[in-house]
Amino acid sequence: MSRTHQPDTEGLERQLSRAIEGEILFDKFSRGRYATDASIYQMMPLGVVIPRTIADVEATLAIAREAGVPVLPRGGGTSQSGQTVNEAIVIDLSKHLNKLIEVDPEARTAVVEPGLVLDTLNDHLKPHGLWYPVDVSTSSRCTLGGMTANNSCGARSIRYGTSRDNVLAIDAILANGRRARFAQVETNLQGLNEADPNRELFRDLLALGSREAEEIRLRFPDIIRRVGGYNVDALLPNAKGNNLAHLLVGSEGTLALSERITLKLSPILSSKVLGVCHFPTFYEAMDATQHLVKLDPTAVELVDSNMIELGRKIAMFKPIVDAFVRGEPAALLIVEFAEPDQNENLKRLDALEDLMADLGFRWGDPGKKDGGVVRAIDPEFQKQIIEVRKQGLNIMMSMKSEGKPVSFVEDCAVELKDLAEYTDRLTGIFRKHDTDGTWYAHASVGTLHVRPVLNLKLDTGVKQMRAIAEEAFELVRSYRGSHSGEHGDGIVRSEFHRTMFGERMVENFNWVKDRMDPDGLLNPGKIVRPPRMDDRNLLRYAPEYNVPEIQSAFTWSGHYGSGRGFQGAVEMCNNNGACRKLKDGVMCPSYRVTRNERDLVRGRANSLRLAISGQLGPNALTSDAMAETMKLCVSCKACRRECPTGVDMAKMKIDVSAARAKRHGLSLRDRMVAYLPHYAQKASRAAGLLNLRDRIPGAAWISERVVGMSAARPLPQWRTDVFEPDEYETSPADADVLLFADTFNRYFEPDNLRAAEAVLKRAGFQVAHATPLTGSRPLCCGRTFLSAGLTDQAAEEMRRTIEVIKPILERGGYVVGLEPSCLLTFRDEAPALLGAEWNEELGARVLLFEEFIARKHAEGSFELKLSSLPVSRALLHGHCHQKAFNVVSPVQQTLKLIPDLEVELIQTSCCGMAGAFGYQAETYEISRAMGELSLMPRIREAPTDAIVVADGTSCRHQIVDMTGREAVHVAQVLYSASNNV
């Protein structure tokens, strides 16, 4: 809420710094990163506290209470209604207060700290055969404290209920600093210690339930998905147990701060099947839902045609969508059966097909409508389908226009008998206001996430939102539904409690808030006494929001706004936090080590948006604070593939580095790295001298002080026998393939290039070399210049290379190389940097060695005799860029050509080396910590006779430095297998 006086933030910062052990963040950049959540709102906090202990939380609360400033507890910051933004001291509980305190497998309970992530909890519970069944789509990053505060629900709430149904007790800290245990009590408080200091509070709360029983029963809709307001129905006399914890569930941090939460667990779903029901019209899908639930599924999830279409445009989802979607349906209902007996699940799947036919949907039947069921019995196929559905929000938000699907009426819930008519009438409201909506999610319980597409940068868009909200909530009320069915109240829905619940019930909510937090200390403005949901001053794009024209090295194709679309690309971040995941995939490796909001795609994107719009002060884009924000981005490119809204932070970092280089210049170290291709030829002739750095005592220490390269890390060793192509070899005009020798392999590991050339020739290909048309300096992709922000020099290098390789590509040939970060530059940065001089079609014919082999083998034109190796096992680590471009599988396919070789792909994030990142003195320790997350432990435990394969130069150096084991390029493995055949 907007405050009438400006607090003494400097004084608060000093007090907090003296009082707590954790981190205190009061700078503009840090505050800006906590000013938004996954909603449409933005409120700049007074400061941020990251407590190490619960004592830090208590101290923060005491200081805030004394100063008269509010506090806001926050977990993953993925709230979609504005619950986790406020002009307050934000207490981020996710970094340290994230422990699993206790598990009781027999009682099926767990006690957790509020910052524990749901997926992490379930990983701990899996050995016990248990899980916490509130399976929300943000499970990879949402915290149990946030889920409890929000009364989260999940896809299987038809079976397991909401968070309220699965929270047994909460040990909390009240606004006055007193501790209280909220749990089940008798109506007369019998059994509660007479000396309990909270006895009077509990008595008053239960008295409210007795006094307002009739009003509560009258006003609260009788449906599963009612999460609006305070759960005062938990206070009713003779209710299903007066569990006072349920009053805190869904209270959005406005009544108390959770210290420990006791959860009810359920047995793991050991077996399941999916039936993907296809419908020719949206209305028919909605009408069918009430019949499908009679088969007692564990979930029925909606995917509409918009989500199907957008999913097909996202590289990581397209093959999955194509696998489970048949034809062009208007809507899908994904029906899950998860009984312990798989035979029972299969019977129900058969029954589902019969029911669909009874409802009139069966492919190929002249008497039926177009539709039917795609069966998913294979667990991996099911996992892929469920993941697409879980990413529904992010898929919807992948629209590149300024108009986006906006969350404000998406959580309405109605009874299933009314669902088809309700959705049809709501669509009519959207069209009345010149827009349409995207639909997905929980059809089984009548809660469909619907987002009208609006441009909230415009006053007309905000007015549309207001009008739609008023009409939509009135429609919901006419069906006696709930206007808040999963994502809570926050700013966006709290205002409408008066309309939905009535004046008297709102006063009851106010009474609860005042009784528990009389000074309005805890997250004010949520649930009670809220601002208007359309107050433009609270929106992320406030009336004064403006991005002046800025320089960008790249063309951000398909995006709008300043910097040739740079603005639109930055604004694609919807803050949903997929980058906060702690396992699976690669994104964001530095965050997995530091757990700092700064080190996320989300954190960096927020900083960029605020900087380019002037909200962080002048020259923020080129400031030291922005450099710190970007410092731990290792340019892994994982976000390019794994961020569902496509925020390409690796490329954005290049633009930021370019702006900073123009303003401040480069350090000596940056120049040495950037200009490596220019001096490498001469340096190789002095290899013996340069390699003394890691042989003469003290030399490494001096280089660290002078250049900034860590003395703890040996540098790559220069070779004198560099790779030099034979001048009498095949002419490019006659070649099948042009071999591109990158700087790293040419000067540091030339044996890899020799092996690759030998393999290609043994396979019968005419091989020529990519050599410059003029001058003797070898060709380069420009990668080192890009890493330093020298985009003009990078473009010059690219043009030198393209001049050579373009003719063979245009006549249908291929360019083949070894280093992923170099070769894939021609698919990614080159088209965006060079415009009409280069395009993605040509870039697609610049292949990695293993891609070329896998492609030719699939075509039947790769004829190379291979024999078994002395070893029978290979461990494969994929380079980050290979993962980002989905080209790890060709390495696997290539290795599998070798007889009797078992190939294991190590599931890991970034190795941590990331070019020069791992060599820098200030990032050396972070680099090692990234490697230790999963890659190095797996290599150390592998059999000593297993081959470790890694195609990235950086990866190979990191592996040998950290484990002592040599890693080799796939070309070396194939070369060895083709010897003596």
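Placed above this text is the structure.
The present account deals with the structure reproduced in this document. (Residues numbered from 1 in each chain as written. Predicted model: local features only at pLDDT ≥ 70, side-chain atom pairs only at ≥ 80, totals over all residues. Heavy atoms only, no water.)

### Some remarks on the pairing of strand β2 (residues 47-50)
Worth spelling out the cut-off: The buried label applies to any residue whose accessible area, calculated with a 1.4 Å probe on protein chains only, is under 20% of its type's maximum; exposed applies above 50%, and partly exposed to all values in between. Strands are runs of DSSP state E lasting at least two residues, helices are runs of H or I lasting at least four, and both sets are numbered from the N terminus onward. Paired strands, in this sense, are two strands between which DSSP finds at least two bridges.
Residues G47 and V49 line one face of β2 and the alternating positions V48 and I50 line the opposite face, and both faces are buried. Across 3 bridges, strand β1 (residues 23-25) lies against β2 in antiparallel orientation. Considered in β2, the bridge of I24 is made with V49. Summarising the sheet, β2 and strand β4 (residues 89-92) pair through 3 bridges and their orientation is parallel. By the bridge assignment, V49 is partnered in β4 with I91.

### Points about helix α3 (residues 54-67)
How we decide: The span one expects for a helix is its residue count, reduced by one, times 1.5 Å.
For α3, spanning 14 residues, the distance from its first C-alpha to its last is 20 Å, which sits close to the expected 20 Å at 1.5 Å a residue. Phi turns positive one or two residues past the end of α3, at G68, with a value near 75 degrees.

### Describing the nonpolar core
Threshold: To define a nonpolar core, start from buried Ala, Val, Leu, Ile, Met, Phe, Trp, Tyr and Cys residues and group those joined through side-chain atoms within 4.5 Å. Contacts are assigned to residue pairs that have any heavy atoms within 4.5 Å of one another.
Among the nonpolar cores identified, the biggest contains 95 residues, and M587, L608, V647, M649, M652, I805 and W838 are the most heavily contacted of them. The greatest single-element share of this core, amounting to 8 residues, is contributed by helix α33 (residues 791-810). Not counting chain neighbours up to four residues away, the residues in contact with I805 comprise L738, A770, V815, F826, W838 and V846. Ranked by size, the runner-up nonpolar core spans 59 residues in total, among them V373, Y422, W439 and M533.

### Topic: the sheet that holds strand β19 (residues 437-442)
Our working rule: Helix axes are fitted to C-alpha atoms over the stretch in contact, other axes to C-alpha atoms as well, and angles between N-to-C directions run from 0 to 180 degrees.
Spatially, β17-β14-β16-β15-β19-β20-β18 is the arrangement adopted by the 7 strands of the open sheet, whose pairing is antiparallel. Looking at strand neighbours, the two that pair on one side only are β17 (372-376) and β18 (404-405), the edges of this open sheet. Where strand β14 (residues 273-279) lies against β17, 5 bridges are found, and the strand directions are antiparallel. Bridge pairing in β17 links L274 to A376. Sheet strands in contact with helix α10 (residues 282-292) are β14, β15 (299-304), β16 (331-337), β19 and β20 (447-454), and its direction is about 20 degrees off that of β16. Taken strand by strand, helix α14 (residues 379-390) contacts β14, β15, β16, β17 and β19, and its axis lies near 55 degrees from that of β14.

### A closer look at the side chain of R602
Mapped onto the elements of the fold, R602 is located in helix α22 (residues 601-612). Leaving out residues up to four positions away in the same chain, R602 has contacts with R74, G76, G77, T78, C573, N575, G577, C579, R580 and E597.

### Brief notes about the packing of aromatic side chains
Note on aromatic pairs: each is described by the distance of the centres and the angle between the planes. The condition that has to hold: The aromatic pairing rule takes the rings of Phe, Tyr and Trp, using the six-membered ring of Trp, and pairs them if the centres are within 6.5 Å, calling planes under 30 degrees apart stacked, those over 60 edge-to-face and the rest tilted. Working rule: Lys NZ or Arg CZ, within 6 Å of ring centre, within 35 degrees of ring normal, means a charge sits over the ring.
In the structure shown here, the tally under the stated rule is 21 aromatic pairs. Judged by centre distance (6.3 Å) and plane angle (40 degrees), the rings of F430 and W439 are tilted. For the pair formed by F430 and W439, the shared burial category is buried. Ring geometry for Y814 against F852: centres 5.6 Å apart, planes inclined by 65 degrees, an arrangement best described as edge-to-face. With Y814 in strand β23 (residues 814-817) and F852 in helix α37 (residues 849-859), this pair connects stretches of sequence that are 38 residues apart. Residue classification places Y814 among the buried residues on the basis of a relative accessible area of 8%. Taken together, the ring pairs in this structure connect F220, Y230, F501 and F509 into an aromatic cluster. The lysine or arginine in question, R211, covers the ring of W511, its NZ or CZ lying 5.7 Å from the ring centre. Sitting above the plane of the Y541 ring, K457 keeps its charged end 4.9 Å from the centroid.

### Things to note about a negative patch on the surface
Which entries qualify depends on this criterion: Surface patches are drawn from residues lacking salt bridges whose relative accessible area is over 30%; two like charges belong together within 9 Å, two nonpolar side chains (Val, Leu, Ile, Met, Phe, Trp, Tyr) within 5 Å. The Shrake-Rupley method, run with a 1.4 Å probe, gives the accessible areas here. Residue values count only the displayed protein chains as cover. Throughout this description, the term salt bridge denotes a Lys or Arg side-chain nitrogen within 4 Å of a carboxyl oxygen of Asp or Glu. In this tally, Lys and Arg are treated as positive and Asp and Glu as negative; His is ignored, and so are the chain termini. Throughout, a charge is located at the NZ atom of Lys, the CZ atom of Arg, the CG atom of Asp or the CD atom of Glu.
Taken together, the side chains of D8, E10, E13 and D27 make up a negatively charged region of the molecular surface. Turning to its location among the elements, D27 is positioned in the loop between β1 and α2 (28-33).

### Structural notes on the sheet that holds β4
Reading across the sheet, the 4 strands line up as β1-β2-β4-β3 and stay open at both edges, with mixed pairing between neighbours. Here the strands that pair on one side only, and so sit at the sheet edges, are β1 and β3 (71-74). Geometrically, the sheet is characterised by an average inter-axis angle of 20 degrees between neighbouring strands, direction not taken into account. Those strands touched by helix α1 (residues 9-19) are β1, β2 and β4, and its axis lies near 170 degrees from that of β1.

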